[in-house]
Amino acid sequence: MRLSAMGDVAMTVPVLRAFVKHYPQLKITVISRPFFKPFFEGIPNLTFFAFDEKERHKGFLGLLRLFQDLKNLQIDAFADLHNVLRSKIVRNLFALSGKKVAAVDKGRQGKKELTRAENKVFQQLPTMFERHIKVFEKLGFTVDLSQSEFPKKAVLTPEIAVIIGINYKKLIGIAPFAQYTSKVYPLDLMQQVIDQLALDTTQTILLFGGGAHEIQQLNALASQHKNVVVVAGKIKFQQELQLISNLDVMLSMDSGNAHIAAMLGVKVITLWGATHPYAGFLPFNQPFENALTADRKQFPMLPTSVYGNKNVPGYEDAMRTITPETVVAKIQKAL
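Here goes a summary of the coordinates provided. Here the residue index of a chain counts from 1 through its sequence in written order. Under the rules for a predicted model, residues below a pLDDT of 70 receive no local features and side-chain atom pairs below 80 are neither given nor counted, while totals for whole chains, interfaces and linings still include all residues. Side-chain measures here rest on the full set of heavy atoms in the structure, leaving out hydrogens and waters.

1. Here we look at the sheet that holds strand 5 (residues 170-175)
Sheet strands associate in pairs through backbone hydrogen bonding, adopting either a parallel or an antiparallel arrangement. One open sheet holds the six strands; their spatial order is 7-6-5-8-9-10, and the pairing between them is parallel. The outermost strands of the open sheet, each flanked by one partner alone, are strand 7 (228-230) and strand 10 (291-293). When strand polarity is set aside, the average angle formed by the axes of neighbouring strands in this sheet is 20 degrees. The pairing of strand 8 (residues 249-253) with strand 9 (residues 268-272) spans four bridges and is parallel. Within the sheet, the bridge partner assigned to methionine 253 lies in strand 9 and is leucine 271. Strands strand 5, strand 8 and strand 9 of the sheet are contacted by helix 10 (residues 256-263), whose axis makes an angle of about 155 degrees with strand 8. If DSSP finds at least two bridges between two strands, the strands pair. The numbering of helices and of strands both runs from the N terminus, where a helix is a DSSP run of H or I of at least 4 residues and a strand a run of E of at least 2. Comment: axis = line fitted to C-alpha atoms, over the contacting stretch for helices; angle = value between 0 and 180 degrees taken between N-to-C directions. Between two residues, a contact is recorded if the distance between any of their heavy atoms is within 4.5 Å.

2. Some thoughts on helix 1 (residues 6-22)
Helix length check: helix 1 (17 residues) gives 25 Å between terminal C-alpha atoms against 24 Å at 1.5 Å per residue, within 8%. A residue's bend is simply the angle between two axes: one fitted to the seven residues ending at it, one to the seven starting at it. Of all bends in helix 1, the biggest is about 25 degrees, found at proline 14. Counting buried positions over the 17 residues of helix 1 gives 13, a clear majority of the element. By this rule the span expected of a helix is its residue count minus one, scaled by 1.5 Å. Note on classification: 1.4 Å probe, protein chains only; a residue is buried when its accessible area is under 20% of the maximum for its type, exposed when over 50%, partly exposed between these limits.

3. A few points about the packing of helix 7 (residues 187-198) against helix 8 (residues 212-222)
Contact geometry for helix 7 and helix 8: axes closest at 10 Å, N-to-C directions at 45 degrees. Here helix 7 lies oblique to helix 8, going by the angle between them. Viewed along their axes, helix 7 and helix 8 form a crossing whose handedness is right-handed. Between helix 7 and helix 8, the residues in contact are Leu187, Met190, Gln191 and Ile194 and Gln217, Ala220 and Leu221, respectively. A breakdown of the residues in the contact of helix 7 with helix 8 according to their chemical character gives five nonpolar, two polar and no charged. Roughly parallel refers to an angle under 35 degrees, roughly antiparallel to one over 145, roughly perpendicular to one between 65 and 115, and oblique to any angle outside these ranges. Each helix crossing is assigned a hand: it is left-handed if the near helix lies turned anticlockwise from the far helix by less than a right angle, otherwise right-handed if that turn is clockwise. Each residue receives one of three labels: charged for Asp, Glu, Lys and Arg, nonpolar for Ala, Val, Leu, Ile, Met, Phe, Trp, Tyr, Cys and Pro, and polar for the others, Gly being one of them.

4. Focus: the packing of aromatic side chains
Within 6.5 Å between ring centres, the rings of Phe, Tyr and Trp (the latter by its six-membered ring) count as paired, and their orientation is classed by plane angle as stacked under 30 degrees, edge-to-face over 60, tilted in between. All chains considered together, the criterion is met by 18 aromatic pairs. Between phenylalanine 39 and phenylalanine 237 the ring centres are 5.7 Å apart and the planes differ by 45 degrees, which places this aromatic pair in the tilted class. Of the two residues, phenylalanine 39 is situated in the loop between strand 1 (28-32) and strand 2 (46-50) and phenylalanine 237 in helix 9 (residues 237-244); the sequence distance between them amounts to 198 residues. Exposure class is identical for phenylalanine 39 and phenylalanine 237. Each is buried. An aromatic cluster of three or more residues is present, and its members are Phe35, Phe36, Phe39, Phe40, Phe48 and Phe237. Any Lys NZ or Arg CZ that is within 6 Å of a ring centre and within 35 degrees of that ring's normal is treated as a charge sitting over the ring. Sitting over the ring of phenylalanine 122, arginine 296 keeps its end group 3.7 Å from the ring centre.

As structure tokens, then:
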């Protein structure tokens, strides 16, 4: 199976955990970028195959090499959970060689109807988890997500303990950024959320992000409080996963961090601006009421896009309709 973006990859993990539990006699090979290997560690009968997009598997000839590399693993069926040009090519090569193949239906028409400005069809679409299950059903396997299991909390290394301290009763994670600005809660309001949460000194608030500009903004958000710690840029990705697994709750935008926390069994509160959980990207095993959405009475064209990559004039302040008090109350309830 071929996987790419962080959230997409994280959303496959609960389905694969359930699959291997159902079919302990089967072996799964996950094909993705090397960066995502830590997501799959500890899943029995699962092997990770690193997709080398820069050299060995680059371009069309690289995809032929990838097919050959996979063929050598004596694969019986190919589940395409990504369904993009590269995965389609490899999938078709498997089909031509007589193997069973199936691909995820991304439901593009339904998403178009949900996000268009006129004649909007505002209704819940199948979740990505349901779509992934359908892929396995096409291959003849049933997957039941109702009895989901999550990994145990990771043991935190002394290195992490030095960064976050040890005098806390609760760990709250906050990931305030997303790929597109239309999905990012205004930072002045996020500051109010952090200020209110930091009043309880038994709680330690950890700020997640990446890149120099984000780290600069996180440092500004944390500067007034001893119990607010910026972890971005201080630990490796694998350590970040270990730390997230120890959170009591994660506050995230509609972004990869929400799906990472959810796949680790952490409670997740999500904030939605231009996008909406109806598109099928509500984090795994999270109640719908933990998704706080911008006010559609004031902004009736919401959601304006599936991924947040479309800016609609006049909708820049849509997320301001989610008050800091509402966010804090939701986090406190989750705790």
